[in-house]
Structure formats: C-alpha cells, structure tokens
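Chain by chain, the residues run as shown.
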Amino acid sequence: MAVASEAADGPLRLGVLGCSGFARRRMLPAMAAHPGVRLHAVASRSAERAAATATPFGARPVVGYGELLADPELDAVYLPLPAALHAPWVEAALSAGKHVLAEKPLTTDPGQTRALLARARSLGLVLHENTLFVHHGQHAVVRRLLAEGAIGELRALHAAFTVPAPAPGDIRYDPELGGGCLADIGLYPVRAAVHLLGTGLDVVGAVLSSAPGQRVETSGAALLRRADGVTAQLTFGMEHAYRSRYELWGSEGRITVDRAFTPAADHRPGLLVERADGTRTLTLPAEDQAVAALTAFADSVHEGKGGADNEADLLAQAELLTRIRRAAGG
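Not measured: the values here are computed from a predicted model. (Residues numbered from 1 in each chain as written. Predicted model: local features only at pLDDT ≥ 70, side-chain atom pairs only at ≥ 80, totals over all residues. Heavy atoms only, no water.)

*Asks:* Which parts of the structure should I look at to understand the nonpolar core?
*Replies:* Generally speaking, a soluble globular protein has its nonpolar side chains buried in company with each other. Grouped together as the largest cluster of nonpolar side chains are 49 residues, with contacts concentrated most on Val142, Leu157, Leu224, Tyr246, Leu248, Ile255 and Phe261. Counting residues per element, this core draws most heavily on helix 7 (residues 181-197), at 11 residues. Setting aside its immediate chain neighbours within four residues, Val142 contacts Leu196, Tyr246, Leu248, Ile255, Val257 and Leu271. Counting 27 residues, the second-largest nonpolar core is a separate cluster that includes Tyr65, Leu116, Ala120 and Leu314. (Core = buried A, V, L, I, M, F, W, Y, C linked by side-chain atoms within 4.5 Å. Buried < 20%, exposed > 50% of the residue type's maximum accessible area, 1.4 Å probe, protein only. Helix = DSSP H or I, 4+ residues; strand = E, 2+ residues; numbered from the N terminus. Contact = heavy atoms within 4.5 Å.)

*Asks:* I keep staring at helix 2 (residues 47-54) and nothing clicks. Help me out?
*Replies:* Quick reminder: α-helices carry 3.6 residues per turn. Residues three or four places apart thus point the same way. Buried residues of helix 2: Ala50, Thr53 and Ala54, and no others. Down the axis of helix 2, the sector holding all buried residues measures 90°, keeping them to one side. For helix 2, the exposed residues set more than 90 degrees away from the buried face come down to Glu48 and Ala52. On its buried face, helix 2 is in contact with helix 1 (21-33), strand 2 (37-44) and strand 3 (60-63). (Arc of directions from axis to C-beta.)

*Asks:* Whenever I open this one, unusual backbone geometry confuses me. Can you help?
*Replies:* Excluding glycine, residues mostly have negative phi values, and the peptide bonds linking residues are mostly trans. Looking along the chain, the bond that leaves Lys104 and enters Pro105 is cis, with omega of -10°. Tracing the backbone shows Pro105 in the loop between strand 5 (99-103) and helix 5 (110-123). The backbone phi angle of Arg259 is positive, close to 50°, even though this residue is not glycine. Tracing the backbone shows Arg259 in the loop between strand 12 (253-258) and strand 13 (270-275). Of the residues examined, Arg259 reaches a relative accessible area of 43% and is grouped as partly exposed.

*Asks:* Sorry, what's going on with the environment of Glu319 here?
*Replies:* Mapped onto the elements of the fold, Glu319 is located in helix 9 (residues 311-327). When its relative accessible area of 23% is taken as the criterion, Glu319 is described as partly exposed. Glu319 sits 117 residues away from Asp202 along the chain, and the two C-alpha atoms are 9.9 Å apart. Sequence-distant contacts of Glu319, defined by excluding residues within four places in its chain, comprise Pro110 and Arg114.

Below you can see the structure in the form of structure tokens.
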C-alpha cells in the first residue's frame, strides 16, 4: 500500500475524482482559496473535461481515476462521483493510501458505510462525508441555546429541504447511479434530526412518492421519534419550491433557522427565538461552510485522526435513510 506522505506543516495536497457541477461550482473554488489545502490534480475519463476543470484552478488534469490515485505526491482525494460509485472508489482510494473526503451520501448502504469507516480506521486514514451544513457555526449556536433552556424542554423538530425539479437527464433521476430525493435531498433533514436530537431515533412512519414517468422517488416525508417522546417531522423533495429550514419547538418557545442547509458564503444567519415574553433575532457572522468542512478534513489529517470525526452520527444517518425507505415500502 502506498501511504500518503503529507508534510505535517504544509498544505494538504488534494486531488479530485470527477468533475461534477457541484464540485466545480462550490468545492473547487473553496479548495483554491483555502490556505490549508492545495488543489493538486483533477481526474476525469475525458482529457478535455479534466483540462477544462483543472486549468482555471492551476491544478494538473489527469485522465482516469486510477491514474490520479497512483500519484505519490497526492495526500488525499475529494470524491464527487454519483452515489452508486462511491463505495468502490472510496475503497480504491483508501487502498492507495489516500485520505478521502466523499460527497454525501458516503454510500447507499449502511453496511458498506460501516465497512469503509472500519477500513479507514485500520489504515490510519481519514474518511469524511462531505455534509457541509453540520460544519456551519449557526447550528452550534442552536445546540447551545437548547442546552441553556432558551425554549424550555424540547418537544419537536420540524425540518424541510425541497428544491425545484432538476433538468431532464440529471443523474438524480437515474436509479442505477443512486438517484432519488431521499439520499440526495432527504439526507439533510435526516442529518439535522441526528445532529440536534442525537442518534437514538426510530422511524415511526414514512412516505416516498414519484412524479409521473420517473423511476426514483421525487418527494417524501418521515416521522421520527426519540425514546423520550421528542419527534422529528421531516419533508423533502425535488419537485418543489425551494425551502431550507428547520424549527425546534419547546415547552416555552421556538427556534427557527432559515437557509439552514445551503446558505451562501456571504449569508449572515438570523436565528429567530420566539417566547411568550417576546421575540429576538440572533444575527450571526457570515460563514463559508465549504471552507469549514475542508478545514475539519485537513485538521483531522494533520492530527492523525483515522476514520471519521462524527462516525456515530454518520452511521445513524445511514441507518435512518434505509429505515425510512423500508417504512415507505421501498
């Protein structure tokens, strides 16, 4: 096994397996601007696509994913391939001695997710799922407010993430590539429930629906329950008006977070706290959650932390996604 040879004090030399629109639009600019990361190379099956993606960021274009993994100068890879391709290429990257930042979901099967995390730990390599929003500071403030009793005893979470319909031919419509709104869109409110309520959640019921002519689910909802009776009502879909929001209801008030999952880097969050004695808005600094996720990944690598820093949450998320599909009859 060729082990990554990153310098302890230097930037993390990062390669990219694939040229997805999200990678080009969001992650590559964040990598290029991050002082702790050096965008080293971008691989595609197409020489033209690799060059078009890599050149604007000063990276080396590479033809073929295996060719990039064989690069001895590479410390880590970012993997924005379709979800169904994650497991084999994460395994290949780990076997090549590279740390891995994989787009969400890490895999489409909890057993595969568990096995890959164990493999990373055994090799002393970092494996993170690139769920950006959990790295945004607004959610840490929300958890602090809950701990301080700002809305009394927590009763329920209501979370929604919905987006307009993708263009025809989008990979999210292809079941062979891991498409469907549950893993791609529903993951966000599911992870919010885990992030805010903990890992001990059961699925009480769920619904998944498909738009006419589609082979994947395009909308859904789920009801989760914690042992103490706290519930999470989740709505998600990709044939809707845009919504990215959650509310926490307590015995004495409510916290509302708008633009909860995909805030722009220059967005200043305003957390709304409502109580019987008045309403206040906590305005927080703007924050780039892509940069924050890269920072967490690079820090884990430099600190020698194998596996994932939030492994329990990641596994709980994977299990819940599977149980929601099962509860919906999928």
